[in-house]
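Summary of structural features
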Amino acid sequence: MQTVDYKQVPGHWILASLGKRVLRPGGLKTTRWMIEGLDVTGQDEVIEFAPGLGITAQITLRLNPRRYIAIEQNEKAASIVKTYASGANREVIIADAEQVPLPDASATVVYGEAMLTMHTRAKKAQIISEARRLLKAGGKYAIHEMCLASNHIEPALRKQIYKDLAVSMRVNATPLTVSEWEQLLKEEGFKVVKIYTVPMHLLHLPRIIQGKLPLTLCVTMLPGQGLWVCASSL
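Predicted model only: the values in this text are computed from it and were never measured.

**Overview of the overall build of the protein**
When you go through the protein residue by residue, the secondary structure sums to eight helices and eight strands. For the protein, buried positions account for 49% of its 234 residues. In the protein, the share of contacts with a sequence separation of at least 24, taken over all contacts with a separation of at least 6, comes to 73%. Here the protein has roughly 11700 Å² of accessible surface; of this, 54% comes from carbon and sulfur atoms.

**Observations regarding the pattern of salt bridges**
Where charged atoms from two side chains of opposite charge come close, those side chains can pair. Taken as a whole, this structure holds six salt bridges when the rule is applied. Glu 130 is the salt-bridge partner of Arg 133, the closest N and O atoms lying 2.8 Å from each other. Here Glu 130 and Arg 133 lie together in helix H5 (residues 121-134), a separation of three residues that amounts to about one turn. Judged by its relative accessible area of 25%, Arg 133 falls in the partly exposed class.

**Focus on H5**
Across its 14 residues, H5 extends 20 Å between first and last C-alpha, which sits within 8% of the 20 Å expected from 1.5 Å per residue. Looking at the packing, one finds that the buried side of H5 touches strand E1 (45-49), strand E4 (107-113), strand E5 (135-148), strand E6 (176-177), helix H7 (178-187) and strand E7 (190-199).

**A short note on the confidence of the model for the protein**
Here the protein averages 80 in pLDDT, while 74% of its residues score no lower than 70. Every residue in residues 9-22 scores below 50 in pLDDT, and together they form 49 contacts with partners more than four places removed in sequence or on other chains.

**Points about the nonpolar core**
Counting residues in each nonpolar core, the largest one holds 37 residues, and the members touching the most others are Ile 47, Phe 49, Ile 71, Leu 102, Val 110, Leu 116 and Tyr 141. Breaking this core down by element, the ones donating at least two residues are E1, strand E2 (67-72), E4, H5, E5, helix H6 (155-169), H7 and E7. Contact partners of Ile 47, with chain neighbours within four places excluded, come to Ile 69, Ile 71, Leu 102, Ser 106, Ala 107, Val 109, Val 110, Tyr 111 and Leu 134. Core analysis: the next-biggest nonpolar cluster, separate from the first, contains 18 residues, Val 46, Leu 61, Ala 85 and Ala 142 among them.

**A word on helix H2 (residues 27-38)**
Here H2 contains 12 residues, and its C-alpha end-to-end distance of 17 Å stays within 8% of the 16 Å for a straight helix at 1.5 Å per residue. Regarding H2, the residues found buried are Gly 27, Leu 28, Thr 30, Thr 31, Met 34, Ile 35, Gly 37 and Leu 38. Backbone geometry just downstream of H2 places Asp 39 in the positive-phi region, at approximately 55°.

**What about the side chain of Asp 44?**
Looking at the secondary structure, you find Asp 44 in the loop between H2 and E1. Here Asp 44 is buried and forms no salt bridge, its nearest opposite-charge partner Lys 140 lying at an N-O distance of 5.6 Å. A polar contact of 2.9 Å, which involves the side chain of Asp 44, links it to the backbone nitrogen of Thr 41. A polar side-chain atom of Asp 44 sits 2.6 Å from a polar atom in the side chain of Thr 108.

**Points about unusual backbone geometry**
Among all residues except glycine, the phi angle is most often negative; among peptide bonds, the trans geometry is most common. At Ala 105, a residue that is not glycine, the phi angle is positive and equals roughly 55°. Within the element layout of this structure, Ala 105 appears in the loop between strand E3 (90-94) and E4. By relative accessible area, Ala 105 is classed as partly exposed at 38%. A positive phi angle, close to 50°, is found at Ala 114, a residue other than glycine. For Ala 114, the position within the fold is in the loop between E4 and H5.

The rules we used
Residues numbered from 1 in each chain as written. Predicted model: local features only at pLDDT ≥ 70, side-chain atom pairs only at ≥ 80, totals over all residues. Heavy atoms only, no water. Helix = DSSP H or I, 4+ residues; strand = E, 2+ residues; numbered from the N terminus. Buried < 20%, exposed > 50% of the residue type's maximum accessible area, 1.4 Å probe, protein only. Contact = heavy atoms within 4.5 Å. Areas by Shrake-Rupley, 256 points an atom, 1.4 Å probe, with all protein chains shown as cover. Salt bridge = Lys/Arg side-chain N within 4 Å of Asp/Glu carboxyl O. Expected span 1.5 Å × (residues − 1). pLDDT = per-residue confidence, 0-100. Core = buried A, V, L, I, M, F, W, Y, C linked by side-chain atoms within 4.5 Å. Lys, Arg positive; Asp, Glu negative; His and termini not counted. Polar contact = N/O pair within 3.5 Å; in protein donor to acceptor, adjacent residues only side chain to side chain.

See the structure below:
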């Protein structure tokens, strides 16, 4: 039986080991909003960045896109997604999202959840730029990330939030404000068409039930928000 060192692993993998299947900041409802907003059809070629446990992959695959490719750097997660993404025109590639081994204009839809937040601003921009490269003209890109609740946050408070997140989650999470996320997407050549925000209630009872986490965990989480943005390539 495999054991988990809870003192070392990132917080989201602790939740996963305890049975929580939905590890997105805005919850499953926001994920569904995102997929509905992308309007995936049988004609789409879809690339998903960092599918994790494959919950969103399953939702997308039920829409039967022409092609689905998952880009996942974690081999364990990739092996899980492969159990869902099998068959013709279904593929899981072990790679980093900022350097995807696919040609330009490979997709009509690209999306990623709960992964840009974990990177520096420079790497966020690099991943968004890679999404832009992979998209065909007029294609759609969506993100589902953490964001700071106010667009006018004091630098000292931001610094403290980042520090607290690093300690509690064991990853260097650096969420941006809504306006900063929007600006970052615009800088990389996207036109933002939809933005939704919801409270980040990752461990509130309804989310716990929805995400199938046994009621055996008690932790303190910072207040924040989950965000999803849909942008189109120009």
